[in-house]
Amino acid sequence: DAKTTQPNSMESNEEEPVHLPCNHSTISGTDYIHWYRQLPSQGPEYVIHGLTSNVNNRMASLAIAEDRKSSTLILHRATLRDAAVYYCILRGVGGGSNYKLTFGKGTLLTVNP
Amino acid sequence: DTEVTQTPKHLVMGMTNKKSLKCEQHMGHRAMYWYKQKAKKPPELMFVYSYEKLSINESVPSRFSPECPNSSLLNLHLHALQPEDSALYLCASSLGTGLSQNTEAFFGQGTRLTVV
């Protein structure tokens, strides 16, 4: 399985932007970069995903490096409700086990009021 | 309806009991997943079903037995569990496994299992 590396924890202040980094130097050409988050006592929740181009949705933005070996999840204005563990996951397609969604350790984001 | 519903929410069972966890989705998803999550750890993949067929078993002990009776339902049958099997069991679903189906997975809220 392609691996990702994330900082164990990060801290932010409310209403400030947050940039959560992820390194994935062994990414293959067909791996999509997915981000999920898990709030306390809840199941994981999809945040965003992309392949090569930067992506935006109502929750966040995903900036993907040109060589695809790293990416950054951007929360534009952190709120207290964004405090969670954020997981960066590489997900392939097609046969075998490429499409597994395998969680790494993630980044625990703390948001200060 | 974008929900994955898991029942029961909490379950306490003895080591000689047989119980089942249930997961249901009505989004037309054809890939369904079971995960196990211990406290302060990331979810660990157990099983994947694709089009109602078991496609991935991550070397899970046979005391856990998955079943996919139809495209909307996923069960996890439990028998002779150990206290160390106590964990949060999460179900998830996604559209499928093909190139055009690399979309998001939806997770249920989990079943908190305690084995005594």
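Residues numbered from 1 in each chain as written. Chains lettered and ligands numbered in written order. Predicted model: local features only at pLDDT ≥ 70, side-chain atom pairs only at ≥ 80, totals over all residues. Heavy atoms only, no water.

**Concerning the pattern of salt bridges**
Tallied over the full model, the rule gives eight salt bridges over all chains. Ionic pairing is found between Glu15(A) and Arg77(A), a salt bridge with its closest N-O pair at 3.3 Å. Taken together, the residues Glu15(A) in the loop between strand S1 (9-13) and strand S2 (18-23) and Arg77(A) in the loop between strand S7 (70-75) and strand S8 (84-91) connect sequence positions 62 residues apart. Under the relative-accessibility criterion, Glu15(A) is labelled exposed at 52%. Here Arg77(A) falls in the exposed class, since its relative accessible area comes to 55%. With a shortest N-O distance of 3.9 Å, Asp85(B) and Lys36(B) are connected by a salt bridge. With Asp85(B) in the loop between strand S8 (73-79) and strand S9 (87-94) and Lys36(B) in strand S4 (residues 31-37), this residue pair connects regions lying 49 residues apart in the sequence. For the pair Asp85(B) and Lys36(B), a shared accessibility class is recorded, and that class is buried. In this structure, a network of salt bridges that share partners links the residues Arg37(A), Glu45(A) and Asp82(A). (Salt bridge = Lys/Arg side-chain N within 4 Å of Asp/Glu carboxyl O. Helix = DSSP H or I, 4+ residues; strand = E, 2+ residues; numbered from the N terminus. Buried < 20%, exposed > 50% of the residue type's maximum accessible area, 1.4 Å probe, protein only.)

**Description of the state of the cysteines**
Using the criterion set out here, one finds two disulfides over all chains in the structure. In this model Cys22(A) forms its disulfide with Cys88(A); the gap between the sulfur atoms is 2.1 Å. Handedness here is read from the sign of the S-S torsion; for Cys22(A) and Cys88(A), about -80 degrees, the answer is left-handed. Of the two residues, Cys22(A) sits in strand S2 while Cys88(A) sits in strand S8, which places them 66 residues apart along the sequence. For Cys22(A), a relative accessible area of 1% corresponds to the buried category. Given the relative accessible area of 1%, Cys88(A) is considered buried. Disulfide pairing places Cys23(B) opposite Cys91(B) at an S-S distance of 1.8 Å. Disulfide Cys23(B) to Cys91(B): torsion about the S-S bond roughly -70 degrees, handedness left-handed. In this pair, Cys23(B) sits in strand S3 (residues 18-25) while Cys91(B) sits in strand S9, placing the two residues 68 residues apart along the sequence. Overall, the relative accessible area of 0% leaves Cys23(B) in the buried class. Owing to a relative accessible area of 0%, Cys91(B) belongs among the buried residues under this scheme. (Disulfide = S-S within 2.5 Å.)

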